[in-house]
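Residues per chain are reported as follows:
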Amino acid sequence: MDGFERVLTRNVGIPNSETIAVYLDRGGYTALRKALQMSPDELIGMVKDSGLRGRGGAGFPAGLKWGFMPKGTMTKYMCVNTDEGEPGTFKDRLLVEHDPHSIIEGVIIAAYAVGASRAFVYIRGEFFLGVKRWIKAIDNAYAHGFLGKDILGSGFDLDVSVHRGAGAYICGEETALINSLEGKRGEPRIKPPYPAQTGFWNQPTLVHNVETLANIPHIVNRGSSWFKSIGTEQSTGPKLFSISGHVRRPGNYELPLGTPLSSIIYDCAEGMRGDRPLKAVIPGGASTPMLLADQVDIPMDFESLIQAGSMLGTGAIMVLEEGTCMIEVARRLMSFFAHESCGKCTPCRVGTLRLEEILARIVEGEGNPADIGLMEGICTGIDGNTLCPMGDAAVNPIRSSLQHFRDEYEYHIEHKQCKEA
Amino acid sequence: MEVTSRVLDPAKQARLLTALYIAQEQYGYLTPDSLKRVAERLDLPDAVVYGTASFYTLFRTRPVGHYVIQVCTGLSCYLAGGAERLVEYLERKLNVNAGDTTSDGLFTLQTVQCLAACGNAPAMRVNDELYDDLTIEKVDMLIDQLRERAERWMALRES
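Residues numbered from 1 in each chain as written. Chains lettered and ligands numbered in written order. Predicted model: local features only at pLDDT ≥ 70, side-chain atom pairs only at ≥ 80, totals over all residues.

1. Some points on the overall build of chain B
Part 1 of the argument: Regarding its fold elements, chain B presents 7 helices and 4 strands.
Part 2 of the argument: Element order for chain B, N to C, with α for helix and β for strand: α-α-α-α-β-α-α-β-β-β-α.
Part 3 of the argument: Against the compact-globule benchmark of 15 Å for 159 residues, chain B has a radius of gyration of 19 Å, which places it well outside the compact range.
Part 4 of the argument: Oriented by its inertia axes, the alpha-carbon framework of chain B measures out at about 65 × 45 × 25 Å.
Part 5 of the argument: In chain B, which comprises 159 residues, the share counted as buried stands at 36%. (Helix = DSSP H or I, 4+ residues; strand = E, 2+ residues; numbered from the N terminus. Rg over C-alpha atoms; globule rule 2.2 N^0.38 Å. Buried ≥ 20, exposed ≤ 12 C-beta atoms within 10 Å, placed from the backbone.)

Here's what the structure looks like:
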């Protein structure tokens, strides 16, 4: 994108960008000094006014979340969600590995605003380099007086520690994350109560994705009006888009929210990798409904994607070319959800497994005509009938694929082979 | 029969995942004995410890090889067109089925779902290290290196 100034990834690509020396050299921790001069209410107002919405998938307004945290002197906690695991998404790993201090600065400011005295970084167990970078960055932040007692003479105390997950996608869901942090099975809790009232050890807890937090220092430094000048009216600010699949240059691209999908595919990722035209796009990670080739001009923001029947999710774009077997795609996504279902709610636990089995038998040429209706029935049985959004997430890709590519399913079942083969 | 309910110490329970990681390092997997010791040290019922350990895929309750290879077979790695060939190639090269361990105990081959490396697909992990933008040639070289390293290490241990 011409003229767009990278904000979240401004340090990515600079040698040793993960070190505190480089971060300080690039103006790091100035927002923290500024924030500590402000009152918590001023900060909450500023983030509310910026329109920043969560970047972890659900898109909940960050300022509202801060506002939900009770005032008062009870112990409050904060969780930093680095449990990135949605297929297609690889943006948080980039931030943690290349610019951990921008996240830490956001953590300290957020903790100060809501009055949390302890923050837990929950990181996916597979991210070994990320764990190392997080720990080193936190140690260095302590050494510089940005963490610990009486931060920069403000009287505000904050301790941060790193906790490794152990291979469970569901722990990216905030209440499952909290259970896991408490040393339990990572099963989601019934909501309400929300973590802002009853979170870690039943105390008020603020949970944020790392990309959300990385925006905070910039909002504090440059103001909410500046932030709102990026993106659209309801989807403000910059966003990291991870693009993968059948494109020439897959990778992470930082762009304003509202950037047309076609521009990300054709300008950033340099278009399709082969001669085949585009067939479909999964716009926001494995749990978002597919878009078709004639929808690629859509602006990538929260409201436009909802309007088109999909979701922005994590902003993870997966591009599929003509010739791709949509049943195989659905089967792969379903294998993921079947494996990652935590097992607490029956519709999700059993439903995802049955869907995976049916899709597998269609792929293998053993499907029967009743399978399509059967799958639709199972989807209805899961959708809206689970405690956490994972049930709906599992249903999204298969429903949209059944809706858009029903003929392929029918052909596959009747001819016992792929229409695209 | 007297039924007693145990009150768990939240501070001790919060250490459970870390304790399981430490215990797993001892033998490469969680033996029944090490699970018991974790339960004793944290004052938790055996069932809570086992129930938690078995929930998470990175905790293993069966022995694995010296190197655990996890090949991503998620959607992006499939689309990139290499994941399947990699798994097949490794099965042939190591003479082992996905999910199993080679007879010399060196390699365990697993398929996993998404390693958040979709931009550099196909990708795999060997123990804690991530390898991406993989080709058959790269994997070939890596396996030979790992085997050599392990053999040197074993020779050293015997001498």
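2. Topic: the domain arrangement of chain B
Part 1 of the argument: We note that the domain assignment places domain 1 (10-53) and domain 2 (67-158) within chain B.
Part 2 of the argument: One C-alpha centre belongs to domain 1 of chain B, the other to domain 2 of chain B, and the line joining them spans 28 Å. (Domains from an automatic or database assignment.)

3. Looking at the interface of chain B and chain A
Part 1 of the argument: Each partner contributes residues to the interface: chain B has 30 residues there, and chain A has 36 residues.
Part 2 of the argument: Elements supplying a minimum of two residues to the side of chain B that touches chain A: helix H1 (10-13), helix H2 (16-27), helix H4 (46-53) and helix H5 (75-79) of chain B.
Part 3 of the argument: Here the side of chain B that touches chain A is built from residues that sort into 18 nonpolar, 8 polar and 4 charged. (Contact = placed C-beta atoms within 7 Å. Nonpolar A, V, L, I, M, F, W, Y, C, P; charged D, E, K, R; others polar.)

4. Considering the sheet that holds strand S2 (residues 118-123) of chain A
Residues and elements named next belong to chain A.
Part 1 of the argument: In space, the 4 strands of this open sheet follow the order S3-S2-S1-S4, with parallel pairing throughout. For this open sheet the edge positions go to strand S3 (159-164) and strand S4 (205-209), each flanked by a neighbour on one side alone. Ignoring which end each strand starts from, the neighbouring axes of this sheet average 20° apart.
Part 2 of the argument: Here 5 bridges tie strand S1 (residues 77-82) to S4, and the two strands are oriented parallel to one another. The partner of Asn 81 across the bridge, within S4, is Asn 209. (Pairing = 2+ DSSP bridges. Axes fitted to C-alpha atoms, helices over the stretch in contact; angles between N-to-C directions.)

5. A few points about the environment of Arg 349 of chain A
Residue and element names in this part refer to chain A.
Part 1 of the argument: Secondary-structure assignment places Arg 349 in helix H14 (residues 346-363).
Part 2 of the argument: A residue is classified by how many C-beta atoms lie within 10 Å of it, and Arg 349, with 16 of them, is partly exposed.
Part 3 of the argument: The spacing of Arg 349 and Thr 386 is 37 residues in sequence and 9.7 Å in space, taken between C-alpha atoms.
Part 4 of the argument: Setting aside anything within four residues of it in sequence, one finds Arg 349 in contact with Ser 341 and Gly 343.

6. Description of the pairing of strand S6 (residues 251-256) of chain A
Part 1 of the argument: Buried residues dominate S6 of chain A, accounting for 5 of its 6 residues.
Part 2 of the argument: From the end of strand S5 (residues 238-245) of chain A to the start of S6 of chain A, which pair antiparallel, there are 5 residues.

7. With respect to the domain arrangement of chain A
All names here are of chain A.
Part 1 of the argument: What the domain assignment reports for chain A is domain 1 (20-228), domain 2 (238-321) and domain 3 (326-415).
Part 2 of the argument: Taking only C-alpha atoms, the centre of domain 1 and the centre of domain 2 are 27 Å apart.
Part 3 of the argument: With 13 residues of domain 1 at the contact, the number on the domain 2 side is 15 residues.

8. What to know about the packing of helix H3 (residues 40-50) of chain A against helix H6 (residues 100-114) of chain A
Residue and element names in this part refer to chain A.
Part 1 of the argument: Where H3 meets H6, the axes come as close as 8 Å, and the angle between the chain directions of the two elements is 120°. With respect to each other, H3 and H6 are oriented oblique. For the element pair H3 and H6, the recorded crossing hand is left-handed. Residues Pro 40, Leu 43 and Ile 44 of H3 form the contact with H6, whose own contacting residues are Ile 109, Tyr 112 and Ala 113.
Part 2 of the argument: Residues of the contact of H3 with H6, tallied by class, amount to 6 nonpolar, no polar and no charged. (Parallel < 35°, antiparallel > 145°, perpendicular 65-115°, else oblique. Left-handed = near helix turned anticlockwise from the far one by under 90°.)

9. Topic: the sheet that holds strand S8 (residues 291-292) of chain A
Residues and elements named next belong to chain A.
Part 1 of the argument: Across the sheet, 5 strands lie side by side as S6-S5-S9-S7-S8; this open sheet has mixed pairing. Edge positions in the sheet fall to S6 and S8, since each has one partner strand and no second.
Part 2 of the argument: Where strand S7 (residues 278-282) and strand S9 (residues 316-321) come together, 4 bridges link them in antiparallel fashion. Of the residues in S9, the one forming a bridge with Ile 282 is Met 318.

10. A look at the packing of H6 of chain A against helix H9 (residues 210-222) of chain A
Residues and elements named next belong to chain A.
Part 1 of the argument: Between H6 and H9, the least distance of the axes is 7 Å, while the angle of their chain directions is 75°. In terms of their interaxial angle, H6 and H9 are classed as roughly perpendicular. Each of Ser 102, Ile 103, Glu 105, Gly 106, Val 107, Ile 109 and Ala 110 in H6 lies in contact with H9, whose residues at this interface are Val 210, Leu 213, Ala 214, Ile 216, Pro 217 and Val 220.
Part 2 of the argument: Looking at the contact of H6 with H9, its residues break down into 10 nonpolar, 2 polar and 1 charged.

11. Section: the environment of Asp 383 of chain A
Residues and elements named next belong to chain A.
Part 1 of the argument: Take Asp 383: it is sitting in the loop between helix H15 (371-382) and helix H16 (390-404).
Part 2 of the argument: Exposure remark for Asp 383: the 16 C-beta atoms within 10 Å place this residue in the partly exposed category.
Part 3 of the argument: Each C-alpha atom of the pair Asp 383 and Ala 394 lies 8.7 Å from the other, and the pair is 11 residues apart in sequence.
Part 4 of the argument: When residues no more than four places from it in sequence are discounted, the contact partners of Asp 383 are Gly 391, Asp 392 and Val 395.

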